[in-house]
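Summary of structural features
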Amino acid sequence: MAGNEWINGYLEAILDSGKDENQKPINGSSTVGVHVSGRERSVHFNPTKYFVEEVVSGVNETDLHRTWIKVVATRNTKERTSRLENMCWRIWHLTRKKKQLEWEDHQRRAHRRRERELGRRDVTDDMSEDLSEGEKGAVLGELVNFESPKKSIQRNLSHLEVWSDNNKEKKLYIVLISLHGLVRGENMELGRDSDTGGQVKYVVELARALAKMPGVYRVDLFTRQVASPDVDWSYGEPTEMLTAGPEDADGIDVGESSGAYIIRIPFGPRDRYLPKEVLWPHIQEFVDGALAHVLNMSKVLGEQIGEGQPVWPYVIHGHYADAGDSAALLSGALNVPMVLTGHSLGRNKLEQLLKQGRQSKEDINSTYKIWRRIEGEELSLDAAELVITSTKQEIEEQWGLYDGYDVKLERVLRARSRRNVNCHGRYMPRMSVIPPGMDFSNVVAQADTSDIDGELMSLSNPDGASPKAVPAIWAEVVRFLTNPHKPMILALSRPDPKKNLTTLLKAFGECRPLREFANLTLIMGNRDDIDEMSAGNANVLTTVLKLIDRYDLYGQVAFPKHHKQNDVPDIYRLAAKTKGVFINPALVEPFGLTLIEAAAHGLPMVATKNGGPVDIHRALNNGLLVDPHDQKSIADALLKLVSEKNLWHDCQRNGWKNIHLYSWPEHCRTYLTKVAACRMRHPMWKTDTPADELAVEESLNDSLKDVDMSLRLSIDGEKSSLNESVDYSAATGGDPELQDQVKRVLSKMKKPEPKPQDAEVKSKVSDNVQSKYPMLRRRRRLIVIALDCYDSNGNPQKKMIPIIQQIFKAIKLDPQIARMSGFAISTAMPMSELTKFLQSENVKINEFDALICSSGGEVFYPGIYTKEDGTPLPDPDYLSHIDYRWGSDGVKKTIWKLMNAPDGEEPKSPNSSSPIKEDQGASSSHCLSYMIKDVNKAKRVDDIRQKLRIRGLRCHVMYCRNSTRMQVIPLLASRAQALRYLFVRWRLNVANMYVILGETGDTDIEEMISGTHKTLIMKGVVEKGSENLLRSSVSYLREDIVPAASPLVSYASAGATPEDIANALRKLSRSGGM
């Protein structure tokens, strides 16, 4: 409140309003507003005392300033008094609301602490069973007597081999993802909107820097393709080269596909630029498009550098919540490591918004989609091997708010892992502080400042004939200053209240020696009219102007209205030439990139002691840290640096000496060293068999042959693209003449003559391929039936069989489509029950190419993997694929405890009635199935998932079969992810899959709707699903997962004929996205 100059006028006006100060005031309790009438309140209420005693020390609401302006403008004494009193009551209500929010925050924190402690106790009990007595004590000590993370948060990496030139033979392929904003390599429109800022600059520079590192062959930066008239055409280009690959010792390029590239994947509406808050429903569509590109690129790179074997991504790195969610799905589909950088975090933002008291949780979620963002961050933690942060503060105070990260439990699990002790599937990602890199190639060290007088004099040359060309921004700054030769104190930030510029100005204004010795320059963004700025920024600027007037700082403070991004280095240079100081007085600074920029230009620093500057000061030792609330401390530190020249030179030299720690090469070297310590994994199946070659040739999948190609024509005349496959009649717009031209071109395409030995090999392979590999490899399209039709007992309903038969007939209406189409069933039933059900209705199991059973826990290919008695066996490659972070024993114990324990309490005794019962017949090695005995006692999916995360368990929980079963499967398993596995394993593009669903179903149905596959929803088939057990009221919504309207979704009725189904599928086949 002390920073708002209108308070003094407010108090004076209250005194002038004629209120009797000797009257007894009524306390600011809630009884005032309830029991005191308007007339009594006008007699007994003393706004002055109430304001001073109850409000001044507790409220800091700058928006009340506008109300105060209206009060001042009121001339009528009676009306003015009434407005003042109403304003007081408004502040009182605001104070009460803030106290309520503080109480709710205290309750949330207390509940979180209880949950954490209960989770740690469960972990201790489970993990102590296989330890010796001494080790049990060690585990308990680690959990209970854990030292403060502030004392020790960084890991001992002395055992890691630092990345060096010895790795130049590795030829790695790295994928970065940054979805929102406008991303391009040159002329970045930073500040165009809130989505196009520092993150865009960071990821582009990171991609360039990584591509130049030894051992890195190619870097792809995935972002969204935007072909909108509202933005530049360059954002619609599918590929943009950032930098070519490095050259070898002889100056020869190492490969045609090497280097760094921006790859723009189309997802969501093609002709609209969307803010990040509305991208969430289209995430799965991006994942499918990115997966198609990665599979194509892995094949291309395999031909160039992999000796014919696919070159899989070394790591997939997601930036921000949306990209983290995408990276989790993409890395899960490919089974490669994932890295996460949060940049800014949703839980932290939610805490700050709630403390402001201006919006309810519902309003915050409506504006920012905050619950979906938080869940995206939690999913990212589930999948990430490594989380990169800029500072320790981010780990301690921000990631510590998440269910998926507990620094105490992480330390215990890491210690057990090093001792090779079983963690029972529990996992916490590693956190690593790697400060952002900077490009110092354009920074010129200004050691000699002897010519500063001449350069500054040239700015005031009336003839304009300056002996030296000086930057234009210098003139813009110097015009404010009476004596520009004095040392310059430089502050560069937005005019945000959190940046604390008003305290800096007061410190400068109230310290006469500092004013006499130095000038102050405030670079506060760009502005045309203060009245057009946001309320907070406008208030800061208004206060700055008033303080300049109060302390009579004209000629001593510069505050230019405009500057360009490329002017910033020149501003640093000017301050360094005057032997000035850079200051960051923010109340809290998450990192402090400007401090590093200033140090690179030779400027010592004075910075807040809260946040990232502490780490920067420890590394550079080039200045002083201060309490941002202490004006005198700020003034003393500035005066000390500008007046003690030896200290100033020492700080400058230290900054230059250690600045390399923040260079991009150093950042990338540390980055690759930490990534190399992750658990490396990638698909292990072989792809060099003759059968695979045959499958690749005959499948004609529509992955792009090269990143620069946007389409190609198949020998059937179909147009293939990233997300679609339609016939050439659609591609030619239905023009018969153009179609004839296409046919003539295709007829002239020469096919290579097969050699005799090739024909013989092909013949042998054709005879054996069906017995060794599924027919799925030879399909062009896949019809996936995922109708969740169950009765009240969870048994499959027989009405599903006629629908399946109708779908079979619909596909067989066109012989050509029937020849290249396959069928799959995706269900929560285990294989044994599904087989029994189909056989009872005379449906042959061999009619299907694939069976996705147990909610995605197993995949079968009828007739391929079988026991001697003919019993089908699950795909062993898929089981190996989804085994990552799966600990069935630990999950089984924890699920029983959670389902039998009231919230925050110990589990019931084994003799008590349990709401669940293990369904051993439906359980398997990668699926735990439970019968729900009392659905009213069943916990929501998001509640169970939260408690499992707190305990370090990463898996998928879902209710299925009309809410009669609960199934738990591995993190990388799901019905949706199983479809992507089929794409990766057998190269059957997800975009060529047609998923047939009901209007409702199991709790994973939302994931089955989204993506590039085509979805046919059968109305009236599934009467009741399990979706009511998915989420609580405080959670994200269905529309945050499923697009509101998509051309990839069509509908049919329960009584649809084969012709109706065929027409609906044909309509979907012509849809190519939005």
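What counts and how
Position numbers for residues start from 1 in each chain and track the written sequence from start to end. Totals for whole chains, interfaces and linings use every residue, but because this is a predicted model, local features are given only for residues with pLDDT of at least 70 and side-chain atom pairs only at 80 or more, for both listing and counting. By convention in this description, side-chain values take in all heavy atoms of the structure and omit both hydrogens and water. For helices the rule is a DSSP run of H or I covering at least 4 residues; for strands it is a run of E covering at least 2, with both sets numbered from the N terminus onward. By definition in these notes, contact holds between two residues if any of their heavy atoms fall within 4.5 Å. All accessible-area figures derive from a Shrake-Rupley calculation using a 1.4 Å probe, and residue coverage is judged against the displayed protein chains alone. If DSSP finds at least two bridges between two strands, the strands pair. Angles here are taken between N-to-C directions and fall from 0 to 180 degrees, while the axes themselves are lines fitted to C-alpha atoms, restricted in helices to the stretch in contact. One less than the number of residues in a helix, times 1.5 Å, gives the span that helix is expected to have. Relative accessible area decides the class of each residue, using a 1.4 Å probe on protein chains only: under 20% of the type maximum gives buried, over 50% gives exposed, and in between gives partly exposed. Per residue, pLDDT measures the predictor's confidence, with a range of 0 to 100. A residue counts toward a patch only above 30% relative accessible area and without a salt bridge, and it is joined to like-charged neighbours within 9 Å or, for Val, Leu, Ile, Met, Phe, Trp and Tyr, to nonpolar neighbours within 5 Å. By definition, a salt bridge exists where a carboxyl oxygen of Asp or Glu is found within 4 Å of a side-chain nitrogen of Lys or Arg. When charges are tallied, Lys and Arg are placed among the positive residues and Asp and Glu among the negative ones, while His and the ends of the chain are skipped. Positions of charges follow a simple convention, taking NZ of Lys, CZ of Arg, CG of Asp or CD of Glu. Polar contacts, as counted here, are pairs of nitrogen or oxygen atoms within 3.5 Å of one another; within protein the pair requires one atom able to donate a hydrogen and one able to accept it, and residues that are adjacent in sequence qualify only if both atoms are side-chain atoms. Relative orientations are named as follows: roughly parallel for angles under 35 degrees, roughly antiparallel for angles over 145 degrees, roughly perpendicular for angles from 65 to 115 degrees, and oblique for any other angle. For crossovers, right-handed means that the path from the first strand over the helix to the second runs clockwise, given strands pointing away from the viewer. Among buried residues, those of type Ala, Val, Leu, Ile, Met, Phe, Trp, Tyr and Cys that are joined through side-chain atoms within 4.5 Å constitute a nonpolar core. In this scheme Phe, Tyr and Trp rings, the latter by its six-membered ring, pair at centre separations within 6.5 Å, and the angle between planes marks the pair as stacked below 30 degrees, edge-to-face above 60, and tilted otherwise. Directions from the helix axis toward the C-beta atoms define the arc.

1. Quick notes on the overall build of the protein chain
From N to C terminus, the protein chain includes 39 helices and 28 strands. Within the protein chain, residue pairs in contact and separated by at least 24 positions form 72% of the contacts whose partners lie at least 6 positions apart. As displayed, the protein chain offers around 46,300 Å² of accessible surface, 49% of which is attributable to carbon and sulfur atoms.

2. Considering the sheet that holds strand 24 (residues 955-960)
Pairing is antiparallel in the open sheet, where four strands are placed in the order 22-23-25-24. On the outer flanks of this sheet lie strand 22 (916-918) and strand 24, each paired with one strand and no other. The sheet shows a mean angle of 25° between the axes of neighbouring strands, direction not considered. Inspection of the sheet shows strand 24 paired to strand 25 (residues 965-970) by six bridges, in the antiparallel sense.

3. Section: helix 8 (residues 198-211)
For helix 8, built from 14 residues, the straight-helix expectation of 20 Å at 1.5 Å per residue is met to within 8% by its first-to-last C-alpha distance of 20 Å. Of all the 14 residues making up helix 8, 12 are buried; the element is thus mostly covered by neighbouring parts of the structure.

4. Side note on the confidence of the model for the protein chain
For the protein chain, per-residue confidence averages 81 on the pLDDT scale, and residues scoring 70 or more make up 76% of the total. Across residues 688-734 the pLDDT falls below 50, and counting only partners more than four positions away or on other chains, this stretch makes 120 contacts in the model. A low-confidence stretch, residues 748-752 (pLDDT under 50), is modelled with one contact involving residues beyond four sequence positions or located in other chains.

5. Description of a negative patch on the surface
Where like charges cluster on the molecular surface, the negative patch consists of Asp528, Asp529, Asp531 and Glu532. With respect to the secondary-structure elements, aspartate 529 resides in the loop between strand 10 (519-523) and helix 20 (535-550).

6. Re the pairing of strand 1 (residues 172-177)
Summarising burial for strand 1: six of the six residues are buried, a large majority. Bridging between strand 1 and strand 2 (residues 216-224) involves six bridges; their strand directions are parallel. Counterpart to tyrosine 173 in the pairing with strand 2 is arginine 218. Bridge count for strand 1 against strand 5 (residues 315-319) is four bridges, and the pairing is parallel. Counted as the bridge partner of isoleucine 177 is glycine 318 from strand 5.

7. A word on the side chain of glutamine 977
With respect to the secondary-structure elements, glutamine 977 resides in helix 37 (residues 975-986). A polar side-chain atom of glutamine 977 sits 2.7 Å from a polar atom in the side chain of arginine 980. If we ignore the near neighbours within four places in the chain, the residues touching glutamine 977 are Leu329, Gly332, Ala333 and Leu972.

8. Thoughts on the environment of tryptophan 656
Mapped onto the elements, tryptophan 656 comes out in helix 25 (residues 645-658). For tryptophan 656 and leucine 620, which are 36 residues apart along the polypeptide, the C-alpha to C-alpha distance reads 8.2 Å.

9. What about the packing of helix 24 (residues 631-643) against helix 25?
Between two packed helices, what matters for the description is the angle formed by their axes and the separation of those axes. Across the interface, helix 24 lies against helix 25 with an axial gap of 5 Å and an inter-helix angle of 90°. When the axis of helix 24 is compared with that of helix 25, the two are roughly perpendicular. Of the residues in helix 25, those in contact with Lys640, Leu641, Val642 and Ser643 of helix 24 are Lys645, Leu647, Trp648 and Cys651.

10. A look at the pattern of salt bridges
For the coordinates displayed, the defined rule picks out 51 salt bridges. The salt bridge partner of arginine 347 is glutamate 378, with a shortest N-O separation of 3.3 Å. Of this pair, arginine 347 sits in helix 11 (residues 346-356) while glutamate 378 is found in helix 13 (residues 370-383), placing the two residues 31 residues apart along the sequence. The class for arginine 347 is buried, based on a relative accessible area of 15%. Glutamate 378 sits in the buried class, given a relative accessible area of 1%. Residues aspartate 943 and lysine 947 are paired through a salt bridge, measuring 2.8 Å at the closest nitrogen-oxygen approach. Within this pair, aspartate 943 and its partner lysine 947 are both found in helix 36 (residues 941-950), separated by four residues, close to a single helical turn. Both residues of the pair, aspartate 943 and lysine 947, count as buried.

11. Here we look at the pairing of strand 12 (residues 581-584)
Side chains Val581 and Ile583 of strand 12 all project onto a buried face; the interleaved residues Phe582 and Asn584 project onto the opposite face, where all are buried too. Chirality of the crossover, the property in question, places the unit of strand 12, helix 22 (residues 593-600) and strand 13 (residues 605-608) among those that are right-handed.

12. Overview of the sheet that holds strand 18 (residues 781-785)
Pairing is mixed in the open sheet, where seven strands are placed in the order 21-20-19-18-26-27-28. Both edges of this open sheet fall to strand 21 (858-860) and strand 28 (1049-1053), since each of them pairs with a single strand only. Each adjacent strand pair in this sheet contributes to an overall mean axis angle of 20°, direction not counted. Each of strand 26 (993-998), strand 27 (1014-1019) and strand 28 is contacted by helix 39 (residues 1058-1069), which is oriented at about 150° to strand 27, the strand it contacts most.

13. Some remarks on the packing of helix 18 (residues 501-509) against helix 20
As a packed pair, helix 18 and helix 20 sit with axes 10 Å apart at the nearest point and diverge in direction by 5°. As judged from the angle between their axes, helix 18 and helix 20 are roughly parallel. Together, Thr502, Leu505 and Lys506 of helix 18 and Val540, Thr543, Val544, Leu547 and Ile548 of helix 20 make up the contact between the two elements.

14. Focus on the side chain of glutamate 277
Secondary-structure assignment places glutamate 277 in the loop between strand 4 (259-265) and helix 9 (283-305). Among the residues examined, glutamate 277 registers a relative accessible area of 19% and is labelled buried.

15. Quick look at unusual backbone geometry
Residues other than glycine seldom take positive phi values, yet glutamate 307 does so here, at roughly 55°. Relative to the assigned elements, glutamate 307 resides in the loop between helix 9 and strand 5. One non-glycine residue, arginine 961, lies in the positive phi region at around 55°.

16. Things to note about the nonpolar core
Ranked by size, the top nonpolar core spans 101 residues in total, and within it Ile177, Leu334 and Leu982 carry the most contacts. Counting residues per element, this core draws most heavily on helix 9, at 11 residues. Residues Met488, Ala518, Leu638 and Tyr662 belong to the second largest nonpolar core, which totals 68 residues.

17. Concerning the packing of aromatic side chains
With the rule as written, the count across this model stands at 11 aromatic pairs. When the centroid spacing of 5.9 Å and the interplanar angle of 65° are considered together, the rings of tyrosine 572 and phenylalanine 582 count as edge-to-face. Of this pair, tyrosine 572 sits in helix 21 (residues 568-577) while phenylalanine 582 sits in strand 12, and the two are 10 residues apart along the sequence. The same class applies to tyrosine 572 as to phenylalanine 582, namely buried. Following the ring pairs from residue to residue traces out a cluster consisting of Phe222, Phe267 and Phe286.

18. Considering helix 25
Compared with an ideal rise of 1.5 Å per residue, which puts 14 residues at 20 Å, helix 25 spans 20 Å between its outermost C-alpha atoms and is within 8% of the ideal. Trp648, Cys651, Gln652, Gly655 and Asn658 are the residues of helix 25 that are buried. Looking straight down helix 25, one finds that the buried residues subtend no more than 150° of arc, so they occupy a single side. Turned more than 90 degrees away from the buried face of helix 25 sit Asn646 and Lys657, all of them exposed. Buried residues along helix 25 sit in contact with helix 21, strand 12, helix 23 (613-620), strand 14 (623-626) and helix 24.

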